[in-house]
Amino acid sequence: MTEIVILTGAGISAESGLGTFRDEGGLWAQHRIEDVATPEGFARNPQLVTDFYNARRAQAREAAPNAAHLALAKLQAARDVLIVTQNVDDLHRRGGAEGVLHMHGRLDRAFCTSCDHHFDAPLVMAPDDPCPACRQPTTRPDIVWFGEIPHHMARIERALSEASIFVSIGTSGNVYPAAGFVQAAQAYGLHTVELNMEPTQGSVFAERHVGPATEVVPAWVDQVLRG
């Protein structure tokens, strides 16, 4: 049974050099969300969207797990921990974590809109890449775009109903349904913890640790492991 559910957001990967929506001059700043992160944007200009995710995939491959990723893997090795991430990079896995649930998909995966076959994405995708299963040229990045339903919601809800601690790391608390996890955790009676650069506005976490993820996450993990 899951003891600790951990939700991570862009703040944990930012210190590995991966951009967030708000970074000036980064990939996101060069494009409107409506153009590169919606099904409608893909339908209008699949080449633009594919190129955008090719760039993000290459950027993620160059990044390395940081101290926060490594600390969570250390915690997972000692306790029954489920890591849920809003991030589409693979830094948790490369940092040693197992069984990570990617709510918003993965840059290193692709899928076919014709037969729903999911497969490892090449480093560089093209809009007319044929599906390995059905051979139709209907593949796209395996990313949950705005307006689509996040992955693993039933599994996450079940874990929250079983756990005793919910932890939110490096997320703004503005994107639903993840933003509602703390309320669900409280309804189930979990102890709630926030580790963030600044406290989430209007949030009601029982415990907060403010600072860079590479500092506050290892410190919190050490505190938990000391009991």
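For every chain, the first residue of its written sequence is number 1, and the numbers climb from 1 along that sequence. With the structure being a predicted model, the display of local features is reserved for residues of pLDDT at least 70 and the display and counting of side-chain atom pairs for 80 or more, all residues being used for whole-chain, interface and lining totals. Excluded from the side-chain calculation are hydrogens and water; included are all heavy atoms of the structure.

Q: Explain the overall build of the protein to me, please; I cannot follow it from the model alone.
A: Each helix and strand counted, the protein has nine helices and nine strands in total. Its C-alpha radius of gyration of 18 Å places the protein within 12% of the 17 Å reference for a compact globule of 227 residues. Dimensions along the principal axes, computed over C-alpha positions, put the protein at roughly 55 × 35 × 30 Å. Pairs at least 24 residues apart make up 62% of the contacts formed inside the protein by residues separated by at least 6 positions. Between the centroid of the 18 positive side chains of the protein and the centroid of its 27 negative side chains there is a distance of 3 Å. Under the DSSP-based scheme used, a helix requires at least four consecutive residues in state H or I and a strand at least two consecutive residues in state E, with every element numbered from the N terminus. Just to be clear, the radius of gyration here is over C-alpha atoms, and the globule rule we use is 2.2 Å times residues to the power 0.38. Here, two residues are considered to be in contact whenever any of their heavy atoms come within 4.5 Å of each other. For the purpose of counting charges, residues Lys and Arg are taken to be positive, whereas Asp and Glu are taken to be negative. His and the chain ends are not included. Lys charges are placed at NZ, Arg charges at CZ, Asp charges at CG and Glu charges at CD.

Q: I'm lost on the pairing of strand β8 (residues 191–196) in this one. Help?
A: Sheet faces and side chains relate simply in a regular strand, where the side chains alternate between the two faces. Counting buried residues in β8 gives five out of six residues, a clear majority hidden from the surface. Inspection of the sheet shows strand β7 (residues 165–169) paired to β8 by five bridges, in the parallel sense. By the bridge assignment for β8, Val167 is matched with Val193. As a crossover connection, the stretch from β7 through helix α8 (residues 181–187) into β8 is right-handed. For two strands to be treated as a pair, DSSP must find no fewer than two bridges joining them. Taken together, the four bridges between β8 and strand β9 (residues 207–210) define a ladder with parallel strand orientation. Across the sheet, residue Asn196 finds its bridge partner in β9, namely Val210. Think of it in three bands: residues with accessible area under 20% of the maximum for their type are buried, residues over 50% are exposed, and the middle band is partly exposed, with areas taken using a 1.4 Å probe on protein chains only. Handedness of a crossover is defined as follows: with both strands directed away from the viewer, a clockwise route from the first strand across the helix to the second makes it right-handed.

Q: Looking at this structure, how should I read the sheet that holds strand β6 (residues 139–143)?
A: In any sheet, the strands associate via hydrogen bonds between backbone groups, in a parallel or an antiparallel arrangement. Taken together, three strands build an open sheet; the order of strands is β5-β4-β6 and the sheet is antiparallel. With one partner strand each, in any of the chains shown, β5 (118–120) and β6 form the two edges of the open sheet. Averaged over neighbouring strand pairs, the angle between their axes works out to 45° when direction is ignored. As defined by bridge partners, strand β4 (residues 105–112) adjoins β6 across four bridges and the pair is classed as antiparallel. If you follow Phe111 over to β6, its bridge partner there is Arg140. Helix axes are fitted only over the stretch in contact, all axes being lines through C-alpha atoms; the angle between N-to-C directions runs from 0 to 180 degrees. The strands touched by helix α4 (residues 46–62) within the sheet are β4 and β6, with β4 carrying the most contacts at an inclination of about 140°.

Q: Explain the sheet that holds β9 to me, please; I cannot follow it from the model alone.
A: Judged by pairing direction, the sheet is parallel, and its six strands sit side by side in the order β3-β2-β1-β7-β8-β9 without closing on themselves. The open sheet has two free edges, formed respectively by β3 (101–102) and β9, since each of these has just one partner strand. Of the pairings in the sheet, the one linking strand β1 (residues 4–8) to strand β2 (residues 81–85) comprises five bridges and is parallel in character. Bridged to Leu7 within β2 is Val84. This element, helix α7 (residues 153–162), spans β1, β2, β3 and β7 of the sheet and lies at about 140° to β2.

Any link to function would need more than the numbers given here.
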